[in-house]
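If you want the building blocks of each chain, they are given just below.
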Amino acid sequence: AAAQRYAELLREDDDGWARAGAALLEPKRYDHAAAWLADWKDREDVDAWMLRPLAASLRALDRDAEANDVVRAGVERGGLDVPPEYWAWLALDEIVAGRADETEALLKRIDTVGLDDGTRLLVAMASAAVRVSRDPSAFSDAKEDLRTAAGSCSAGDVPPGAGRWYR
C-alpha cells in the first residue's frame with residue numbers, strides 16, 4: 001500500500017524505486033515486485049543490486065528466461081558489485097545448455113567464503129551438474145552432495161525458482 005500511495009515519489013529516483021521493489025519482494029508479493037520493477041530497461045542508473053528483487057520475482061513466477069535476461073543485464077551493469085547469486089544462476093543456465101566449460105568459468109568467479117545458504121545451494125547444483133556432465137558415473141555422488149546442500153539450506157533461504165532447477 002505504501003508503494004502505491006507514494007509511487008510517484010518513489011519512482012523519481014532509481015534508489016527509491018529499487019528499494020520499493022525489494023520491499024515488495026519481502027512478503028513474497030512477486031507479482032507486485034515484478035510489475036513495479038518492470039520499467040528497469042527505461043532507467044539510466046540501474047546497478048546490479050537493484051535488479052535482484054526483479055530476478056527473484058520473475059523466477060518465483062516461473063519466468064526463468066526473463067530472469068536470466070535481467071541477471072545478464074545486471075552483470076553488464078554491475079561491474080565489481082555483481083551479486084554472487086548472479087554468477088550461480090548464469091552457471092546453471094549454461095550447464096542446462098550443455099556448456100560445462102562456461103559453467104566452470106562462471107563458478108570460478110564466485111568467492112564461496114561467506115556465501116548465504118541459498119547461493120551455496122545454487123553453486124552446489126551447478127557444480128554437481130558439471131561433474132555428471134563430465135563423468136556420468138558420478139551421478140550417485142553428485143546426488144548425495146545435492147541432498148547435503150539442500151538439507152543445509154532452510155526453506156526460507158531457498159532462492160525462488162530453485163526447486164524447478166533442482167529437479
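We now turn to the structure provided with this report. All values reported here derive from a predicted model rather than from experimental measurement.

A few words now on the packing of helix H5 (residues 52–60) against helix H6 (residues 64–78). Their axes nearest at 8 Å, the elements H5 and H6 cross at an angle of 165°. Overall, the two elements H5 and H6 adopt an arrangement that is roughly antiparallel. Seen from above, H5 lies across H6 with left-handed handedness. Packed against H5, whose contacting residues are Leu-54, Ala-55, Leu-58 and Arg-59, the element H6 presents Asp-64, Glu-66, Ala-67, Asn-68, Val-70 and Val-71 at the interface. Class assignment for the residues of the contact of H5 with H6 results in six nonpolar, one polar and three charged.

Turning our eyes to something else, we now look at the packing of H6 against helix H7 (residues 84–96). Interhelical geometry of H6 versus H7 gives an angle of 130° and a closest axis separation of 10 Å. Of the possible angle classes, the one that applies to H6 and H7 is oblique. By crossing handedness, the relation of H6 to H7 is classed as left-handed. Between H6 and H7, the residues in contact are Asn-68, Val-71, Arg-72, Gly-74 and Val-75 and Tyr-86, Trp-87, Leu-90, Asp-93 and Glu-94, respectively. Each residue belonging to the contact of H6 with H7 can be placed in one class, and the counts come to five nonpolar, two polar and three charged.

Non-glycine residue Lys-28 carries a positive phi angle of around 65°. If you trace the backbone, Lys-28 turns up in the loop between helix H3 (14–25) and helix H4 (30–36). The residue Asp-62 is not glycine, and still its phi comes out positive at about 60°. The class of Asp-62 is exposed, set by a relative accessible area of 53%.

One finds Trp-17 and Leu-54 to be the most contacted residues of the largest nonpolar core, which totals 44 residues. Ignoring anything within four residues of it in the chain, the contact list for Trp-17 reads Leu-10, Arg-11, Trp-36, Leu-37, Asp-39, Trp-40, Arg-43, Val-46 and Met-50.

Once that is clear, we can look at the pattern of salt bridges. Counted according to the given criterion, the structure contains 15 salt bridges. For Glu-66, the salt bridge identified is with Arg-63, shortest N-O distance 2.8 Å. Given a relative accessible area of 32%, Arg-63 falls into the partly exposed group. A salt bridge links Arg-131 to Asp-145; its shortest N-O distance comes to 2.6 Å. Placement of the pair is Arg-131 in helix H9 (residues 117–134) and Asp-145 in helix H10 (residues 139–151), with a sequence separation of 14 residues. Each of Arg-59, Asp-62, Asp-64 and Arg-164 takes part in a single network of salt bridges with overlapping partners.

What counts, and at which threshold
Residues numbered from 1 in each chain as written. Predicted model: local features only at pLDDT ≥ 70, side-chain atom pairs only at ≥ 80, totals over all residues. Heavy atoms only, no water. Axes fitted to C-alpha atoms, helices over the stretch in contact; angles between N-to-C directions. Helix = DSSP H or I, 4+ residues; strand = E, 2+ residues; numbered from the N terminus. Parallel < 35°, antiparallel > 145°, perpendicular 65-115°, else oblique. Left-handed = near helix turned anticlockwise from the far one by under 90°. Contact = heavy atoms within 4.5 Å. Nonpolar A, V, L, I, M, F, W, Y, C, P; charged D, E, K, R; others polar. Buried < 20%, exposed > 50% of the residue type's maximum accessible area, 1.4 Å probe, protein only. Core = buried A, V, L, I, M, F, W, Y, C linked by side-chain atoms within 4.5 Å. Salt bridge = Lys/Arg side-chain N within 4 Å of Asp/Glu carboxyl O.

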